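# Architecture at a glance
Each chain, letter by letter, is given below.
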Amino acid sequence: ARALYYFSHPPLAYDVPYALFTLVGVAPNAAGLQWMNIFFHLVAAVGVFRAVRIAVGGEERAALFASVLYLFLPVTLWFHGNAYMSDMFVQVPWVWSLVFAMRILRRDAQLDRGTWFGLSATLFLTVYTSWLGAFGAAAMVFAAFLRWRRDRDIPIIRILIVTAMAVTLAFGLTAWRYMQV
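Note that the coordinates shown come from a computational prediction; the quantities given were computed from them, not determined experimentally.

### Describing the overall build of the protein
Broken down by element type, the protein carries nine helices and zero strands. When its helices and strands are written in sequence order, the protein yields α-α-α-α-α-α-α-α-α. On the principal axes, the C-alpha backbone points of the protein span a range of 50 × 45 × 25 Å. A buried classification covers 37% of the 181 residues belonging to the protein. Considering only contacts within the protein whose residues lie at least 6 apart along the sequence, 69% involve residues at least 24 apart. For the protein, the accessible area works out to roughly 10,800 Å², and carbon and sulfur atoms hold 71% of it.

### Observations concerning the pattern of salt bridges
Opposite charge on two side chains allows them to pair when their charged atoms are near. A complete count under the given rule lists six salt bridges for this structure. For the salt bridge of Asp153 with Arg147, the shortest nitrogen-to-oxygen distance reads 2.8 Å. Accessibility expressed as a relative area gives 42% for Asp153, which makes it partly exposed. Given a relative accessible area of 9%, Arg147 falls into the buried group.

### Quick notes on the packing of helix H2 (residues 30–55) against helix H6 (residues 91–105)
It is the contact of H2 with H6, at a shortest axis distance of 8 Å, that shows an interaxial angle of 20 degrees. As judged from the angle between their axes, H2 and H6 are roughly parallel. By crossing handedness, the relation of H2 to H6 is classed as left-handed. On H6, the residues touching Phe40, Val43, Ala44, Val46, Gly47, Val48, Arg50, Ala51, Ile54 and Ala55 of H2 are Val92, Val95, Trp96, Leu98, Val99, Met102 and Arg103. When its residues are assigned to classes, the contact of H2 with H6 shows 14 nonpolar, one polar and two charged.

Here is what the cut-offs are and how they apply
- Residues numbered from 1 in each chain as written.
- Predicted model: local features only at pLDDT ≥ 70, side-chain atom pairs only at ≥ 80, totals over all residues.
- Heavy atoms only, no water.
- Helix = DSSP H or I, 4+ residues; strand = E, 2+ residues; numbered from the N terminus.
- Buried < 20%, exposed > 50% of the residue type's maximum accessible area, 1.4 Å probe, protein only.
- Contact = heavy atoms within 4.5 Å.
- Areas by Shrake-Rupley, 256 points an atom, 1.4 Å probe, with all protein chains shown as cover.
- Salt bridge = Lys/Arg side-chain N within 4 Å of Asp/Glu carboxyl O.
- Axes fitted to C-alpha atoms, helices over the stretch in contact; angles between N-to-C directions.
- Parallel < 35°, antiparallel > 145°, perpendicular 65-115°, else oblique.
- Left-handed = near helix turned anticlockwise from the far one by under 90°.
- Nonpolar A, V, L, I, M, F, W, Y, C, P; charged D, E, K, R; others polar.

Okay, structure coming up:
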């Protein structure tokens, strides 16, 4: 009989710091995690800018205000600077999956392969980072379904296929990684 070890989170949020510390050749340390978190905090702030700009129809000032507010909000800055957990790290790929989903769900969407690839990649990364990503994918499908019921002008089948593939691949890879221990 083979004993299985229980894991509570998908592994990407733990693979990223390991890979970065290995890449630079330093032992894991608090300062390194803090700088990594601050960098990803900036990446998330850029995603907030892009999402808000789409939401308000291209208004740059509102998007800039929202991203600066997110960037310097004491609670997000403190958590990104002083704590590390997959539930926090997941907001980086999640906000970018939101950007791609908003592009696809717009009325005047000009969809190209990059947008579809971006959605599938960020959904995969979101689910492979934290179980919260599965809720994000489900919420996106629900929003797409509601939009499709109202207008019937969005590619609902393609959205379902891309989401199912990304989530299945993330769950499958997570299960495979768990079985390797």
